[in-house]
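An overview of the molecular structure
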Amino acid sequence: MSFELVIAADWSAAATPTGRRPRKDAIWVCADRAGSRELRYFPTRAAALDWIGALLAEGQRTLLGFDFAMGFPPGFAAALTGEARALAVWDWLAVHVTDAADNANNRFELAQVINRRFPGTGPFWGRPAALDLPDLPATDRARAAHGMAERRQVEARARNAKPVWQLAYAGAVGSQTLLGMAALSRLRRAHPDLAVWPQETGFARPEARIVLAEIYPSLFDDNAQDHAIKDARQVMAASAALRAAPGEWWTAPAALPDAARIASEEGWILGVGPDGPLPVGRAPDDCFALPPGIDWTPVDAALATLREGTAPVTGVEVVPVERAAGRILAADAVARRANPPAANAAVDGWGFSHATLGPGPIPVAPGRAAAGQPHVDPVPPGRALRILTGAALPPGVDTVALQEDAVEAAGAVTLRAIPKPGANTRRAGEDLASGDVLLRQGAVLRPSDLALAIAGGLAALELRALLRVGVLSTGDEIVAPGGEGIADVNRPMLLAMLAGWGLAPVDLGRVRDDPAALAARLDAADVDALLTSGGASAGAEDHLSRLMRARGTVQHWRIAVKPGRPLMLGRWNGVPLFGLPGNPVAAFTCAALFARPALLRLAGADWSDPPRRRVPAGFAKRKKAGRREYLRARIRDGRAEIFASEGSGRVSGLSWAEGFVELPDAALEIAEGDAVDYIAFADLGIG
Ligand SMILES: Nc1nc2c(c(=O)[nH]1)N[C@H]1C(S)=C(S)[C@@H](COP(=O)(O)OP(=O)(O)OC[C@H]3O[C@@H](n4cnc5c(N)ncnc54)[C@H](O)[C@@H]3O)O[C@H]1N2
Ligand code: MOO
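Residues numbered from 1 in each chain as written. Chains lettered and ligands numbered in written order. Predicted model: local features only at pLDDT ≥ 70, side-chain atom pairs only at ≥ 80, totals over all residues. Heavy atoms only, no water.

**Details of the overall build of the protein chain**
From N to C terminus, the protein chain includes 15 helices and 36 strands. Taken across its 687 residues, the protein chain has 53% of its residues classed as buried. Across the protein chain, contacts joining residues at least 24 apart in sequence account for 68% of those joining residues at least 6 apart. Carbon together with sulfur atoms contributes 52% to the accessible area of the protein chain, which is approximately 29,200 Å² in total. (Helix = DSSP H or I, 4+ residues; strand = E, 2+ residues; numbered from the N terminus. Buried < 20%, exposed > 50% of the residue type's maximum accessible area, 1.4 Å probe, protein only. Contact = heavy atoms within 4.5 Å. Areas by Shrake-Rupley, 256 points an atom, 1.4 Å probe, with all protein chains shown as cover.)

**A word on the environment of proline 359**
Relative to the assigned elements, proline 359 resides in the loop between strand 12 (349–352) and strand 13 (362–369). Counting along the chain gives 23 residues from proline 359 to glycine 382, while the straight-line C-alpha distance between them is 9.6 Å.

**Some words on the side chain of aspartate 449**
Tracing the backbone through its elements, the reader meets aspartate 449 in helix 10 (residues 447–455). In contact with aspartate 449, other than residues within four places in its own chain, are Leu439 and Val444.

**Let's talk about the pairing of strand 36 (residues 675–680)**
Bridge count between strand 30 (residues 613–616) and strand 36: four bridges; the pairing is antiparallel. Its bridge partner lying in strand 36, valine 615 is registered against valine 676. Bridge analysis of strand 34 (residues 659–663) against strand 36 gives four bridges, and the strand direction is antiparallel. Looking across to strand 36, one finds that phenylalanine 660 is bridged to isoleucine 679. (Pairing = 2+ DSSP bridges.)

**Brief notes about the pattern of salt bridges**
Within this structure, the stated rule accounts for 41 salt bridges. Between arginine 189 and aspartate 91 there is a salt bridge, with its nearest N and O atoms 2.5 Å apart. Of the two residues, arginine 189 sits in helix 5 (residues 174–190) while aspartate 91 sits in helix 3 (residues 86–96), which places them 98 residues apart along the sequence. The exposure class assigned to aspartate 91 is partly exposed, which follows from its relative accessible area of 21%. Glutamate 662 is paired through a salt bridge with arginine 612; the nearest N and O atoms lie 2.7 Å apart. On the criterion of sequence distance, the pair formed by glutamate 662 in strand 34 and arginine 612 in the loop between helix 14 (584–602) and strand 30 is long-range, its members being 50 residues apart. Exposure remark for glutamate 662: the relative accessible area of 9% places this residue in the buried category. What you see here is one network of salt bridges that share partners, running through Asp300, Arg612, Arg628, Glu662 and Asp665. (Salt bridge = Lys/Arg side-chain N within 4 Å of Asp/Glu carboxyl O.)

**Some details on the packing of aromatic side chains**
Counting across every chain of the model gives 22 aromatic pairs. An angle of 40° between the planes, with centres 6.1 Å apart, marks the rings of phenylalanine 3 and tryptophan 250 as tilted. Placement of phenylalanine 3 in the segment before strand 1 (5–10) and of tryptophan 250 in helix 7 (residues 248–251) is noted, with a sequence separation of 247 residues between them. The same class applies to phenylalanine 3 and to tryptophan 250, which are both buried. On the basis of an interplanar angle of 85° and a centroid distance of 5.8 Å, the ring pair of phenylalanine 203 and tryptophan 268 is categorised as edge-to-face. Of the two residues, phenylalanine 203 is situated in the loop between strand 5 (194–197) and strand 6 (210–214) and tryptophan 268 in the loop between helix 8 (259–266) and strand 7 (272–273); the sequence distance between them amounts to 65 residues. Residue classification places phenylalanine 203 among the buried positions, given a relative accessible area of 10%. An aromatic cluster of three or more residues is present, and its members are Phe3, Trp197, Phe203, Trp250 and Trp268. Its guanidinium or amino end placed over the ring of tryptophan 350, arginine 386 lies 5.5 Å from that ring's centre, counting from NZ or CZ. The ring of tryptophan 557 is capped by arginine 558, whose NZ or CZ atom sits 4.4 Å from the centre of that ring. (Phe/Tyr/Trp six-rings, centres within 6.5 Å; stacked < 30°, edge-to-face > 60°. Lys NZ or Arg CZ within 6 Å of the ring centre and 35° of its normal.)

**Topic: the sheet that holds strand 4 (residues 62–66)**
The strands that make up a sheet pair up through hydrogen bonds in the backbone, lying either parallel or antiparallel. One open sheet holds the six strands; their spatial order is 3-2-1-4-6-5, and the pairing between them is mixed. Of all strands in the sheet, those bounded by a partner on one side alone are strand 3 (36–42) and strand 5. When strand polarity is set aside, the average angle formed by the axes of neighbouring strands in this sheet is 15°. Relative to strand 2 (residues 27–33), strand 1 runs antiparallel, the two being bridged by six bridges. Within strand 2, the position partnered with alanine 8 by the bridge is cysteine 30. (Axes fitted to C-alpha atoms, helices over the stretch in contact; angles between N-to-C directions.)

**Details of the site of ligand 1**
With respect to spatial proximity, 22 residues lie near ligand 1, and among them Glu477, Asp488, Gly535, Ala536 and Ser537 are the closest. Between an oxygen atom of ligand 1 and a side-chain N or O atom of glutamate 477, the distance comes to 2.7 Å. Arginine 565 has a polar side-chain atom sitting 3.3 Å from an oxygen atom of ligand 1. Here ligand 1 loses 72% of its free accessible area of 870 Å² to cover by the protein chains. Tallied by class, the residues present in the shell around ligand 1 amount to nine nonpolar, eight polar and five charged. (Near = heavy atom within 4 Å. Polar contact = N/O pair within 3.5 Å; in protein donor to acceptor, adjacent residues only side chain to side chain. Nonpolar A, V, L, I, M, F, W, Y, C, P; charged D, E, K, R; others polar.)

**As for the site of ligand 2**
Taken together, the neighbourhood of ligand 2 is formed by Pro563, Gly564, Arg565, Asn583, Ala586, Arg627 and Ser648. For ligand 2, an oxygen atom lies 3.5 Å from a polar atom in the side chain of asparagine 583. Within the contact set of ligand 2, an oxygen atom lies 2.4 Å away from a side-chain nitrogen or oxygen of serine 648. Looking at side-chain class alone, the shell around ligand 2 contains two nonpolar, three polar and two charged residues.

**Looking at the nonpolar core**
By size, the foremost hydrophobic cluster in this structure holds 55 residues, and its most contacted members are Phe66, Phe76, Leu93, Ile114 and Phe124. No other element matches helix 5, which puts seven residues into this core. When near neighbours in sequence (up to four residues on either side) are disregarded, phenylalanine 76 contacts Val89, Ile114, Phe118, Phe124, Met148, Trp165 and Glu265. In this structure, Leu531, Leu567, Phe681 and Ile686 belong to the second largest nonpolar core, which totals 47 residues. (Core = buried A, V, L, I, M, F, W, Y, C linked by side-chain atoms within 4.5 Å.)

Next comes the structure, spelled out in structure tokens:
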């Protein structure tokens, strides 16, 4: 199984926060999900670890790489901890390192403490002039007779790798290593499904859900990455290389003479073999149908993320059945009684015991049985009782003759024909037995489902609380309906769609193109999910997408779909957010195809893919590879006709259409009469 999420982190040992503005020599992290990448800068280690922790909690198969040494040269671990294992050093450091939320830390003091455990002077060096730490030498040359090798085996094979003993000055990695190992020790303990390669796994392909490995970004060419800051380019290049990691990256060092010891005691850099750096793999072709160089997320990959990454978030409430239409079941509904509860008559007529009938007219027994008016006395053998539809069969009655087939005269009924035994009756429990599962958890209740629940004896159902979905329009140009300017088409349309899906729409109003105002509005929203429209693409005024990249979590941005390419899927303060494009047709399409199934899932329903119907095309069209296309369409005379314009501002086509024609990702030439897939709006819950 390959990795769904690849995270490359450039660590830093800074002693103060590195500031709000992204800068070099600070922490940069790139998270890459099936080709859609998210780059983040962090002013503190704590903030970076929080974000990484949240990513790991998403539950995906993850490869996590950090760019500091994850082991020391031979002998160090045993001298420090009594155990020749790198992970023992991590745990020792977790106990002895202090590293505050504002980056304040004790790495130099601790290096002196460690040095005192070794003979001679060193091995750590690089004391800043301002510190009074006599047992931490300021320079490399001041060290002597500490007994440690200068480099790990892997460092001898990676160009320009600096020894871990150096704590300060250009290229030093020692400080990052001390602080980093302490942090990783905690991370590892927090995630039982995490394995460290190769310290825990040996030089084998690791199977764990989360794999942690040492990386060395200098191995990778970052020239193709588009960013002004080198650290950022490096984590971008590293995440791409890790995503494409060939199998031999994990296994090649097993050929080393002392492989098992090296793996456990010294650790290794992923991508280095026994003879030096290994070839870099080719990026997997996530975007199978996309032109080279484009990393939009394919529709199916985006839907898969939503499907796998969303689970019910709402509470459970007990609601009377009659108010449950359109709501979502939180638990299986189980019949509390049989239906029908007792055997009863299916028609109006005459009831009797079939086996006891004599020849000729049947004498009538006194009284009658009607629905709700049971006849409790047994009907004597050979007699007939007047019985009406729905009445419980009295004792002594097993068969009913239809009224129209009988003639009553002088206290007896004459039947035109004797019916079969049991005719015109309903058996107790023939429809439902007590204990039957009537409806499954996750079902969206239809009127017929209410009927079933009530027939099964239920008066109330356990339902999911309504999912509150906030809808926000963005853009300076947007005005209230009826105003002068671009009327806010999207918000009322989206609110109505949500109501139609059985969700609780929350109107968050309009907000101007101002990042602070937008962030404040999103922060203040008390909702379970968010739909925004506008500002999703890459322009200077596209604040939503920029804000999400800076302060939210972006899962996918830019989907290979038309309309709707700028669609952004992510989280704001942990709340799922669908950043819909501003163009109304794109907002509508993305809401129907991406937001709807995910919102219903968050609301507690099962995931549902809309049914496609194959219909002959009433049009001809040539389509390029690279995006799945949704054309506004309707069926007339058995053929799919499409709206005259594909422009995604053409609201007129939305109202005209009754469904979508869905064209696949690949290039396609459609002639009139060719079969195409049609998705009815009705099957998307849009009436
Ligand atoms: N450089 C790029 N430009 C654009 C890209 C791109 O990938 N790179 N994508 C294009 C596509 S495709 C779409 S769709 C749009 C969507 O962009 P945004 O989400 O950033 O939307 P805005 O720029 O804010 O608005 C687009 C359009 O829609 C109108 N709008 C916005 N909100 C509403 C509303 N509530 N009701 C009615 N109309 C609304 C807005 O006035 C604009 O005309 O970007 C392309 N550009
Ligand atoms: O994808 Mo945009 O939705 O064309 O208009």
